[in-house]
Amino acid sequence: MGAKIGWKLVLMAFTTVVSMVAHRAVTTAWKLGSGGEPPKGNKAGYVEVVTWAVASGAAAAVAKRFAEDRAAQYWLKSTGTLPPGYEEKDPLTKALDTP
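Residues numbered from 1 in each chain as written. Predicted model: local features only at pLDDT ≥ 70, side-chain atom pairs only at ≥ 80, totals over all residues. Heavy atoms only, no water.

(A) Highlighting the overall build of the protein chain. For the protein chain, the count of helices and strands is three helices and zero strands. Secondary structure elements of the protein chain occur, N-terminal to C-terminal, as α-α-α. Burial analysis of the protein chain (99 residues in total) assigns 21% to the buried set. By sequence separation, contacts in the protein chain at least 24 residues apart represent 54% of the contacts at least 6 residues apart. Total accessible area on the protein chain is roughly 7200 Å²; 65% of this is exposed by carbon and sulfur atoms. (Helix = DSSP H or I, 4+ residues; strand = E, 2+ residues; numbered from the N terminus. Buried < 20%, exposed > 50% of the residue type's maximum accessible area, 1.4 Å probe, protein only. Contact = heavy atoms within 4.5 Å. Areas by Shrake-Rupley, 256 points an atom, 1.4 Å probe, with all protein chains shown as cover.)

This is the structure we're talking about:
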């Protein structure tokens, strides 16, 4: 049970940091691409809102996967075991085997 809690804490820490970086990156990219702030409230048109939603959603999905991968690598390196819930046949586990 302690390993599960430890893994959740490690994963949460990695996810938080990577998510903050991803949010900053997509916001900066939006500002550079559009010349303005990301859409907020009812001041933006539908195209802007949908474009922002797709861009930020894609960034969040990539960040989550990246954070999980890095957290699992850290866990494996620190403990010598796979994170709780991972199996040998898991695609992420196979990725951890490559240097």
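(B) Fine view of the nonpolar core. Formed by Trp7, Val10, Ala71, Ala72, Trp75 and Tyr86, the largest nonpolar core amounts to six residues. Going through the elements one at a time, α1 (2-34) and α2 (46-79) are the ones with two or more residues in this core. The element that contributes the greatest number of residues to this core is α2, accounting for three residues. When near neighbours in sequence (up to four residues on either side) are disregarded, Trp7 contacts Glu68, Ala71, Ala72, Trp75, Pro83, Pro84 and Tyr86. (Core = buried A, V, L, I, M, F, W, Y, C linked by side-chain atoms within 4.5 Å.)

(C) Geometry of a nonpolar patch on the surface. A surface patch of nonpolar side chains, amounting to about 300 Å² of accessible area, comprises Ile5, Leu9 and Met12. On the secondary structure map, Leu9 appears in helix α1. Since its relative accessible area comes to 49%, Leu9 is described here as partly exposed. (Patch = residues over 30% accessible without salt bridge, like charges linked within 9 Å, V, L, I, M, F, W, Y side chains within 5 Å. Salt bridge = Lys/Arg side-chain N within 4 Å of Asp/Glu carboxyl O.)

These figures come from the coordinates and say nothing about function on their own.
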